[in-house]
Every structure is written in structure tokens, then in C-alpha cells.
Amino acid sequence: MSRKKKFHLFENIEVIDAAAKGKTVAKAPDGKVIFLSNAVPGDIVDIQTGRKRKSYYEGKAVKFHKLSDKRTEPVCDYFGVCGGCKWQNMKYEAQLAFKQNEVTNNLIRIGHVELPEVTPILGCKETYFYRNKMEFSFSASRWLTEEEIKSGNDFNNKNACGFHIPRMWDKILDIDKCHLQEDPSNAIRNYIKEFAIANTISFYNPRTQEGLLRTLMIRISSTKEIMVVLQMFSDEKDNRELLLQNVLKKFPEITSLQYVINNKGNDTIYDQKVVLYHGRDHIFEEMEGLKFKINAKSFYQTNSAQAYELYKITRNFANLTGNEVVYDLYTGTGTIAQFVAKNAKKVVGVESVPEAIADAKENAKNNNIDNTSFFVGDMAKVFTDEFISKNGMPEVIITDPPRDGMHKKVVEQILKIAPKRVVYVSCNAATQARDLSILDEKYKIIKTQAVDMFPQTFHVENVVLLELR
Ligand code: SAH
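Residues numbered from 1 in each chain as written. Predicted model: local features only at pLDDT ≥ 70, side-chain atom pairs only at ≥ 80, totals over all residues. Heavy atoms only, no water.

Novice: Quick rundown of the overall build of the protein chain? Include the residues and the values.
Specialist: Per the secondary structure count, the protein chain includes 12 helices and 22 strands. Scaling as 2.2 N^0.38, a compact globule of 469 residues should have a C-alpha radius of gyration of about 23 Å, and the protein chain matches this with 24 Å. Principal axes of the C-alpha set define a box for the protein chain whose edges measure 70 × 65 × 40 Å. By residue count, 52% of the 469 residues in the protein chain fall in the buried class. Within the protein chain, contacts between residues separated by at least 24 positions form 63% of all contacts whose residues are at least 6 apart in sequence. (Helix = DSSP H or I, 4+ residues; strand = E, 2+ residues; numbered from the N terminus. Rg over C-alpha atoms; globule rule 2.2 N^0.38 Å. Buried < 20%, exposed > 50% of the residue type's maximum accessible area, 1.4 Å probe, protein only. Contact = heavy atoms within 4.5 Å.)

This is the structure:
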């Protein structure tokens, strides 16, 4: 087949909508859909397509005839290179409108469910610097931008600390300022990088598996405590002590300084020992007087302010009177369970990660909550008739599954025991819609409310209230 047949240049095409995963959509003259990676709805562009797929094209705008009025100037220098914050070039109102649309479209097209009047999406007050946790990677082979390569300069020092280039496991984009976490996040990262370079402390090279510094996690809680966890490849005591001592001297406000020595091939610290160097091995998050203890491995919603909004919506939808048995499925560290506990007779939380359940129990105890109980296990295996007869028939179920949605068995079990109300919190409206289409047999959607937890990205959360028909 000739190249001409495979690739097309379509001229003067209007970009009409946003699609899943941050892509945008246009229509080719032959009527097929084109998914674009670098345009904003409202742009008028020439499009170069890649290989044609069965029923659609993938392409790139190569010439911009008109720029959309939905556009705005990205604040970040790394826009387009870094994998995060892909929607920074769109005004926030436009981002919200597209998120709202995506949720509604999924519920209608995948779920085939009847929708009540949709409550408008809840946006964030802070559209930058909203994350409480960031993870950066070190690398001895920094990603050079096109401009840097074109400049012809010699880049001797290729040490970097920042983010992975999308789909390149060994290439790190060096970051000087990230707009996602408040200060002193950038200052701490930059100081560590510069101190290490000045003192010839080596950066990890994942290809050759050499070098000391691997990853850096910074957590800054709403109570202003700061946790820093440095992951190193090997046990270089002198370099480690030198670095940690100086980090602490420069940033005495760090309340938890920890490190991990990980000489495995992969970067995950979940199967590694975390060593405390200074302060406490945890920080606290606070919400409505409840305290949540967070250690290096704990999960906590990354946008604290908006998590509070999400939980309030969830609690409103649950509409508890104080007499109900409530199940909180996929409870994580039991935050939603504790958040609704004072309005319920009792709350039963289930979650597959044992450490999260240990945190949930400890937090509930410290918060003087005595009507919650927590269980570890795979939901499809734990949430059985026997479990329900032991723990009580729930009047209300709150469920907050991961991106894959609920296992079919879990959905079927909900249908079988048929609690009067289900509140479904989801970070993926497509799998939520799939599950709702099964629940439709017995449940009617009373309310649906999208919540934006991650401005500048295409991610969206959605809360649905279901009641028995
Ligand atoms: N509701 C919590 C966390 C929700 S994230 C909060 O707001 O903080 C989804 C949770 O589901 C994660 O904690 C994950 O560990 C858990 N999970 C994923 N698969 C699971 C399974 N098969 N069974 C039980 N829990 C699971």
C-alpha cells in the first residue's frame, strides 16, 4: 500500500470536542472521527494523520488557522513535554465543561441509564498548587529538549530530578518549578539536586543500575507538616548522612525526614523498609476535626481541600439519620467511613491493602470513633452472604472503587441484598456507567454530581446517588 493511502493531510478542520484521555476530536471529510493530541476544541487547523485505524484516525495539528477562544496561555514552562497537566492550555471553565460532558456522555452512552437533572460540576478554588503529595525521579540521563539539542551546547552534567517523559521509563525531564505543590516543595527538590551535584553524589541510571539517588517524595499536609522521603539505590552511608544533614539544616520545617534503600529493579517502596532519619515517621491530615495519620506508604486523597468537598457530597447523598448500618466499600484508610460515622449506627469498611486497614483502625481509635469496623480482602471474595450476616444488613452502601470499577460479583451482590440507597463515588465515569447499567435493574439514579479533583488534567470524579425503584 502506498504511503499516500495511509497518511492524510486534512485542511481547515474545526476541532469540535474533547475526548477521553485528554485528546480532542475533529471530523475528517470522509465522516470519520480524528483524535488529536495537540489541539483545543474551537481551533481551526490542518491535520496530519498517522496510520488509519479501523474506524477513526489519529492525528496532529500541523498548522493553526484560528486559535480557539477556549485557549489560555499555559503557566508551566514544560507544557507539552511533561506528561502532567495536559489541559493547561484551556481556560478552567472550559476544562470543567468538558469534564461535565464526559461524565454525562458516559452515563448515557455506556450506561444507557435515565438521568435526573444533572447537578453542575464542582470546580476547585485552587487550580494550581493543589496537591499534597508529589513524587519526583532522579536520573543520570536527563531528557534534552529539542531546543537544547539544537543549541549545539555540550551538556556534561546530565543529572536531573523531575518527571518521566511519557512512555519513556529511563528519561527524566528536569524540573525547576512545578505548579502542583505549594512551597517549599520546589525549593526542597532543587536544593537536593543542586547539593548532590555540587558534592558529586551520584544520580541513578536505570539502564546500568548505578548511582545513588532514585526518587523523592514530598508530602505537605493541610496542617503544614512536611514529609520528605528519599529513595536511594545503595547504602552509601557518608553521602547519605551528608545530604540528609544538610537538607535538614536548610529546611528545619521538615517534620519527617526518611529514606529507603532499594536495590531492586523497580522504584516502588511499598515492599521496602522506610528508615526514619529525623522527626516522626508520619504526618497528619485534618478534616472537620478528624485526624488522619499518614506514613510514607499510606494512601490519602491528593487534593485535600477538594477531598473534603467530595466527602461532604458523599455524606449528603447518603442522607443518614443515625440509625443505619452503612458499608464503605473500597474504604482505603477508612476516611469516608470515619467521615460519616457520627451520622450512622455503624460503618463497615472493606479494603484489599492490609496497611491501609491498619491505618484505618488506628485512625478511628485516635478519633474516638467506636462504631466502625474494618476488614481486609479482595472485595469480590469478602463481600459475601456470610460476611453480611455477620456484620449486619446495610441500609446504605457507599462504594469508591479504583479505575476498573466494581467486580461484577460485587455489583451482583449489591443487587441481591438491595440496600435502599447506594452512593457510588467514581474516578472513571466509563466503568461507573457500565456498573450503573447493571444496577439499573433495581435502582434509579436520583442525583449525579461531578467533582473536579485535578485541575489542568482530564481526570474527573463523579458521585451518583441510587435509590431502590
Ligand atoms: N475511599 C478511599 C479510597 C478509594 S481508592 C478514599 O477516599 O480515600 C480505591 C481503593 O480500593 C484503594 O484503596 C484500593 O486499594 C482499593 N481496592 C482496589 N481493588 C480492590 C479490591 N479488589 N478489593 C478491595 N479493595 C480494593
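Moving on, there is more to tell.
Novice: Before we move on, could you go through the pairing of strand β15 (residues 290–295) and cite the residues and values that matter?
Specialist: Here β15 shows a clear split, with L290, F292 and I294 buried on one side and none of K291, K293 and N295 buried on the other. The pairing of strand β14 (residues 282–287) with β15 spans 6 bridges and is classified as antiparallel. Following the sheet pairing, M287 is matched in β15 by L290. The hairpin formed by β14 and β15 contains 2 residues between the paired strands, and E288 there has a positive phi angle of roughly 50 degrees. (Pairing = 2+ DSSP bridges.)

Novice: Got a sec to walk through the nonpolar core? Specific residues and values, please.
Specialist: Counting residues in each nonpolar core, the largest one holds 80 residues, and the members touching the most others are L213, L230 and I254. The next biggest cluster of nonpolar side chains, apart from the first, holds 38 residues, and it includes L107, V348, A433 and V460. (Core = buried A, V, L, I, M, F, W, Y, C linked by side-chain atoms within 4.5 Å.)

Novice: Go over unusual backbone geometry with me, naming the residues and quoting the values.
Specialist: Backbone torsion omega between D183 and P184 reads 10 degrees, so that peptide bond is classified as cis. A positive phi angle is found at Y330, which is not glycine, with a value near 60 degrees. Note that Y330 resides in the loop between β16 (325–329) and α7 (335–340). What makes Y330 buried here is its relative accessible area of 17%. Located in the positive-phi region is A418, a residue other than glycine, with phi close to 45 degrees. Here A418 shows up in the loop between α11 (408–417) and β20 (421–426).

Novice: Go over helix α5 (residues 237–250) with me, naming the residues and quoting the values.
Specialist: Over its 14 residues, α5 extends 20 Å from the first C-alpha to the last, a length consistent with the 20 Å expected when each residue adds 1.5 Å. Among the structural elements, α4 (185–198), β10 (213–220), β11 (226–232), β12 (256–261) and β13 (274–279) are those in contact with the buried residues of α5. (Expected span 1.5 Å × (residues − 1).)

Novice: Residue-level account of the side chain of S426, with values.
Specialist: Of note, S426 is situated in strand β20. Within the structure, S426 has its side chain in polar contact with the backbone nitrogen of N428 (distance 2.9 Å). Aside from chain neighbours lying at most four places away, what touches S426 is Q432, V460, E461 and N462. (Polar contact = N/O pair within 3.5 Å; in protein donor to acceptor, adjacent residues only side chain to side chain.)

Novice: Talk me through the packing of aromatic side chains; I want residue IDs and the actual numbers.
Specialist: Throughout the structure, instances matching the rule amount to 14 aromatic pairs. On the numbers, 5.1 Å between centres and 85 degrees between planes, the contact of F375 with F387 is edge-to-face. Of this pair, F375 sits in strand β18 (residues 372–376) while F387 sits in helix α10 (residues 385–391), and the two are 12 residues apart along the sequence. Looking at F375, the relative accessible area reads 28%, which means it is partly exposed. By the ring-pair criterion, three or more aromatic residues cluster together here, those being Y327, F375, F383 and F387. A cation sits over an aromatic face here: R214 above Y204, 4.4 Å from the ring centre. For K291, the ring lying beneath its charged end belongs to F284, and the centroid distance is 4.8 Å. (Phe/Tyr/Trp six-rings, centres within 6.5 Å; stacked < 30°, edge-to-face > 60°. Lys NZ or Arg CZ within 6 Å of the ring centre and 35° of its normal.)

Novice: How would you summarise the sheet that holds β10 if you had to cite specific residues and measurements?
Specialist: Backbone-to-backbone hydrogen bonds pair the strands of a sheet. The strands run either parallel or antiparallel. Spatial strand order, β9-β8-β7-β10-β11-β12-β13: 7 strands in an open sheet with mixed pairing. In the strand order of this sheet, the two ends are held by β9 (172–174) and β13, each with one partner. On average, each strand axis in the sheet is inclined to that of its neighbour by 30 degrees, with strand direction left out of account. Two elements, β11 and β12, share 6 bridges in a ladder whose sense is parallel. Counted as the bridge partner of M227 is S256 from β12. Contacts from α4 reach β7 (133–139), β8 (160–164), β9, β10 and β11, with the element oriented near 155 degrees to β10. (Axes fitted to C-alpha atoms, helices over the stretch in contact; angles between N-to-C directions.)

Novice: An account of the sheet that holds strand β5 (residues 56–66) is needed here, citing residue identities and associated values.
Specialist: Taken in spatial order, the 5 strands close into a barrel running β1-β2-β3-β5-β4, and their pairing is mixed. Across the sheet, the mean angle from the axis of one strand to that of its neighbour is 50 degrees, orientation sign disregarded. Bridge count for strand β1 (residues 9–18) against strand β2 (residues 24–27) is 3 bridges, and the pairing is antiparallel. Bridge pairing in β2 places V15 opposite A26.

Novice: So what's going on with the packing of helix α2 (residues 92–109) against helix α12 (residues 429–439)? Residues and values would help.
Specialist: Interhelical geometry of α2 versus α12 gives an angle of 30 degrees and a closest axis separation of 8 Å. Classified by the interaxial angle, the pair formed by α2 and α12 is roughly parallel. Between α2 and α12 lies a crossing whose hand is right-handed. Across the interface between the two elements, V103, N106 and L107 of α2 pack against A429, A430, Q432, A433 and L436 of α12. Classifying every residue of the contact of α2 with α12 gives 6 nonpolar, 2 polar and no charged. (Parallel < 35°, antiparallel > 145°, perpendicular 65-115°, else oblique. Left-handed = near helix turned anticlockwise from the far one by under 90°. Nonpolar A, V, L, I, M, F, W, Y, C, P; charged D, E, K, R; others polar.)

Novice: Go over the site of the ligand, please, and point to the residues and values.
Specialist: Looking at the ligand, there are 16 residues lining it, with Q301, Y311, E351, M379 and D400 nearest. Within the side chain of Q301, one N or O atom sits 2.8 Å away from an oxygen atom of the ligand. Take S352: an N or O atom from its main chain is 3.1 Å from a nitrogen atom of the ligand. Protein contacts shield 81% of the accessible area of the ligand, which totals 570 Å² for the unbound molecule. Looking at side-chain class alone, the shell around the ligand contains 7 nonpolar, 6 polar and 3 charged residues. (Near = heavy atom within 4 Å. Areas by Shrake-Rupley, 256 points an atom, 1.4 Å probe, with all protein chains shown as cover.)

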